[in-house]
Amino acid sequence: MTLLTRRTTLLGAAALPVAASAQEAWPTRDLRLIVPFPAGGTTDVMARLLAQEMGQRLGRTIIVENLAGAGGMVGAQRFVRDGNDHTMFLSQIASNAIVPALQRNAGYDPERDFRPITLLVTVPNVWIGNATRMGTRDARDYMRRVRADRPGRPFGSAGNGTSTHLTGELISQLAGLRMQHIPFRGAAPAMTALIAGDIDVFLDNLPTALPAIRGGLVVPLAVTSAERLPELPDVPTVSELGAEFGLAGFEAVAWFGLSAHPTISDANLARLVAAAEGAMADPNLRRQLAERGTTPAGGGPERYGALIRSERERWARVVREGNIQAD
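Residues numbered from 1 in each chain as written. Predicted model: local features only at pLDDT ≥ 70, side-chain atom pairs only at ≥ 80, totals over all residues. Heavy atoms only, no water.

Examining the confidence of the model for the protein
In the predicted model, the protein carries a mean pLDDT of 89, and 92% of its residues have values of at least 70. In this model, residues 1-22 is a region of pLDDT below 50 whose contacts with residues beyond four sequence positions or in other chains number one contact. (pLDDT = per-residue confidence, 0-100. Contact = heavy atoms within 4.5 Å.)

Remarks on helix α4 (residues 93-102)
An α-helical segment advances 3.6 residues per turn. Residues three or four places apart therefore align on the same side. Among the 10 residues in α4, nine count as buried, and that is most of the element. On its buried face, α4 sits against α3 (73-82), β3 (87-92), α7 (163-175), β9 (253-260) and α12 (300-322). For α4, the side-chain oxygen to backbone nitrogen distance between the N-cap and Ala 94 is 3.1 Å, and the N-cap itself is Gln 92. (Buried < 20%, exposed > 50% of the residue type's maximum accessible area, 1.4 Å probe, protein only. Helix = DSSP H or I, 4+ residues; strand = E, 2+ residues; numbered from the N terminus. Polar contact = N/O pair within 3.5 Å; in protein donor to acceptor, adjacent residues only side chain to side chain.)

Focus on the packing of aromatic side chains
Scanning all chains against the criterion turns up seven aromatic pairs. With 5.5 Å between their ring centres and 50° between their planes, Phe 89 and Phe 114 make a pair best called tilted. Residue Phe 89 is found in strand β3, and its partner Phe 114 is found in the loop between α4 and β4 (115-129); the two are separated by 25 residues along the sequence. Summarising the aromatic geometry, the rings of Trp 127 and Tyr 142 are spaced 6.2 Å apart at their centres and angled 65° between planes, so their arrangement reads as edge-to-face. (Phe/Tyr/Trp six-rings, centres within 6.5 Å; stacked < 30°, edge-to-face > 60°.)

Thoughts on the pairing of strand β7 (residues 201-205)
Burial analysis of β7 places four of its five residues in the buried class, which makes it a mostly covered element. Bridging between strand β5 (residues 153-157) and β7 involves two bridges; their strand directions are parallel. If you follow Phe 155 over to β7, its bridge partner there is Val 201. (Pairing = 2+ DSSP bridges.)

Thoughts on the layout of surface pockets
For the largest pocket, the calculated volume is near 1200 Å³. What lines the largest pocket is a set of 43 residues, among which Phe 37, Gly 71, Ala 94, Ala 158 and Thr 162 lie closest to the centre. Those elements that place two or more of their residues in the lining of the largest pocket are α2 (42-58), α4, α7, β7, α9 (206-214) and β9. Top element by residues in the lining of the largest pocket is α4. It accounts for five residues. When its residues are assigned to classes, the lining of the largest pocket shows 21 nonpolar, 18 polar and four charged. Empty space within the second largest pocket amounts to approximately 420 Å³. In this structure, the second largest pocket is lined by 24 residues; those nearest its centre are Thr 122, Ser 225, Glu 251, Val 253 and Thr 295. Elements with a contribution of two residues or more to the lining of the second largest pocket: β4, β9, β10 (295-296) and α12. The greatest single-element share of the lining of the second largest pocket, amounting to four residues, is contributed by α12. (1 Å grid on protein atoms, 1.4 Å probe; cavity = no way out; pocket = protein on both sides within 12 Å on 5 of 7 lines; lining within 4 Å. Points joined across faces, edges and corners; volume = space filled by probe spheres on them. Nonpolar A, V, L, I, M, F, W, Y, C, P; charged D, E, K, R; others polar.)

Brief notes about α9
Among the residues of α9, those classed as buried are Leu 206, Ala 209, Leu 210, Ala 212 and Ile 213. One or two positions beyond α9, positive phi appears at Gly 216, with a value near 75°.

Re the nonpolar core
The biggest cluster of nonpolar side chains holds 71 residues, and the ones touching the most others in it are Leu 33, Met 54 and Leu 272. Counting 18 residues, the second-largest nonpolar core is a separate cluster that includes Ile 128, Met 191, Ile 199 and Leu 232. (Core = buried A, V, L, I, M, F, W, Y, C linked by side-chain atoms within 4.5 Å.)

Quick notes on the pairing of strand β8 (residues 219-223)
Along β8, four of the five residues are buried, which leaves the element largely enclosed by surrounding structure. Pairing geometry for β4 and β8, over four bridges, is antiparallel. The partner of Trp 127 across the bridge, within β8, is Ala 222.

A look at the pattern of salt bridges
Taken as a whole and assessed by the stated rule, the structure comprises 16 salt bridges. Among the salt bridges present, the one from Arg 115 reaches Asp 266, with a minimum N-O distance of 2.8 Å. Linking Arg 115 in strand β4 with Asp 266 in helix α10 (residues 266-280), this pair joins segments that are 151 residues apart in sequence. Judged by its relative accessible area of 23%, Arg 115 is partly exposed. Measuring nitrogen to oxygen at the nearest pair gives 3.4 Å for the salt bridge that ties Asp 141 to Arg 145. Taken together, the residues span about one helical turn, with Asp 141 and Arg 145 both in helix α6 (residues 139-148) at a distance of four residues. What makes Arg 145 partly exposed here is its relative accessible area of 35%. In this structure, a network of salt bridges that share partners links the residues Arg 32, Glu 65, Arg 78, Arg 81 and Asp 82. (Salt bridge = Lys/Arg side-chain N within 4 Å of Asp/Glu carboxyl O.)

Below, the structure written as structure tokens:
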């Protein structure tokens, strides 16, 4: 071996530990988690619980940044435009499935611009009604009345293009109901209108609907999950309403997951996946998430990516068939 060859070999060998060390050091600074919802709500609390658990596993602080607006589109656009390999996004049914179906140019592609990390939780919806206005407390009876009512009956949602709006549209399409959509600026005013008898029914996320149900202010008609819920064991699923209404096998839930920026390397994505999956396996975190009316999930990038693709197709079809337009 010549002196030059031996010297080059030694230099190469010496460089290997340095490169490996640099790779192992990631993340090199604190990370950022963009949450496209206001601070203080159930979703924000969930994100902060997760950020704390993941941060401990990564050895870095994860800073939560709330960027609400336009069904998650504002936060998603900022994430895609300004994010990097140290940025994560709380992706969910609105921003990554419904908005792309409603907006011709959302400013991002849910598959190209987001790398799935894992599904975090699912959140069932509950179909609730004003018994006096409906004239019944039974879901089947009400649906038969709606079918016979030519002008249509009013149902409320938290806003045009929200998951509760489209879930209501899907039920109407499958069951052949004539329903008039009344959008509100959030779940709270929709609930107020329902209690006052201004609308017949309203689809709401379980955590926000439970207080009004338990207080006897509204009647729970059905839940949109595949199985009955422990919080409402006597309330049937939409699927249980059966073949008479074309709803056998029905399931539609809100979902929230974690996505990384497209600039991240495969190796560093794997680190985020391991930290997220480790956090989601923690019994204490799962208990805290369940206490807030969510169903803890997990499952990694492949499962979450498949869910996003199937949900995009599903809600795009509902938008087309219902001729639903964005505000």
